[in-house]
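What the coordinates show
As a plain string of letters, each chain reads:
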Amino acid sequence: MFDALAAEAVAAYDRVVGLDLSEVSVDGSIHKAPCGGDGTGKSPVDRAKSGWKWSLLCDRAGIPVGWAADAANRNDCTLLEPTLADAERRGLLADIETLHLDRGYDGDPVLRTCHSYGIDDVVRTPKRPRGPGPRTPKTVPLGLRWTIERTNSWLSNFGQLRRNTDRTTKARLGQLLFAIAVIITIKLFKWADRYNHT
């Protein structure tokens, strides 16, 4: 039911505003799951406490068009394929021109996955060089990935997603999809009201 709701919200946005799939981005986001259950694992960013992760594929405006959920200790690279497969189910991958990835999506398997879905133009943030000497942090431009970072921030504002107490992947994914549908609906209301500001 929640998958159909989110898919309808995406389709409505595409009809009314129009999805811009010329530049899309993929990223994962890790959150707490204190009650454990299936689809959870030791969080690498929260002292190995129980956590879960979602992976999103967003258009140029940050509208989610593909998603997947799994345990917090799953690498972003392993969630790339199910995220792309979810977008392909809606027939949206053919319009993607460029895919933007962060430095976590490294290696040839990522490129092979993208190419198997017909995405040939892949932009990845370069890895930091390793070697002796002091490591000074350098500013890395987000490029067109800032849109997905913003979308992950929007979704993190939903308390039940940020600290999820459900014990099944299906329930967590349902909550994620409901939040996606709410965000897209708000965007559609703002679009309808775009000329009425005084």
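Everything that follows concerns the structure shown earlier in this document.
Before going into details, it helps to say that this report is about the structure given with it. These figures come from a predicted structure and were not determined experimentally.

With that out of the way, let us pick up the overall build of the protein. Summing up its helical and strand segments, the protein has six helices and six strands in all. Helices (α) and strands (β) of the protein occur, in sequence order from the N terminus, as α-β-β-β-β-α-β-α-β-α-α-α. Computed over its C-alpha atoms, the radius of gyration of the protein comes to 17 Å, within 12% of the 16 Å expected for a compact globule of 198 residues. In terms of overall dimensions, the protein has a C-alpha envelope of 60 × 40 × 40 Å along the principal axes. Across the protein, contacts joining residues at least 24 apart in sequence account for 65% of those joining residues at least 6 apart. When the accessible surface of the protein is split by element, carbon and sulfur atoms take 54% of a total near 10,700 Å².

Within the structure shown, the criterion is met by nine salt bridges. With a closest N to O distance of 3.3 Å, Asp 3 and Arg 89 form a salt bridge. Taken together, the residues span a long stretch of sequence, with Asp 3 in helix 1 (residues 2-16) and Arg 89 in helix 2 (residues 76-89) at a distance of 86 residues. Using a relative accessible area of 27% as the deciding quantity, one classes Asp 3 as partly exposed. For Arg 89, a relative accessible area of 54% corresponds to the exposed category. For the salt bridge of Asp 86 with Arg 89, the shortest nitrogen-to-oxygen distance reads 2.5 Å. Note that Asp 86 and Arg 89 are positioned in helix 2 at a spacing of three residues, about one turn of the helix. Each of the salt bridges in this network shares a partner with another, and the network as a whole consists of Asp 3, Asp 86, Arg 89 and Arg 90.

Mapped onto the elements, Leu 144 comes out in the loop between strand 6 (121-124) and helix 4 (146-156). If sequence neighbours within four positions are ignored, Leu 144 has contacts with Glu 23, Ser 25, Arg 60 and His 100.

Before going further, it helps to spend a moment on the environment of Ile 96. Looking at the element boundaries, Ile 96 is found in the loop between helix 2 and strand 5 (98-101). Overall, the relative accessible area of 8% leaves Ile 96 in the buried class. When sequence neighbours within four positions are dropped, the list of residues in contact with Ile 96 reads Leu 21, Val 24, Leu 57 and Ile 119.

Analysis parameters
Residues numbered from 1 in each chain as written. Predicted model: local features only at pLDDT ≥ 70, side-chain atom pairs only at ≥ 80, totals over all residues. Heavy atoms only, no water. Helix = DSSP H or I, 4+ residues; strand = E, 2+ residues; numbered from the N terminus. Rg over C-alpha atoms; globule rule 2.2 N^0.38 Å. Contact = heavy atoms within 4.5 Å. Areas by Shrake-Rupley, 256 points an atom, 1.4 Å probe, with all protein chains shown as cover. Salt bridge = Lys/Arg side-chain N within 4 Å of Asp/Glu carboxyl O. Buried < 20%, exposed > 50% of the residue type's maximum accessible area, 1.4 Å probe, protein only.

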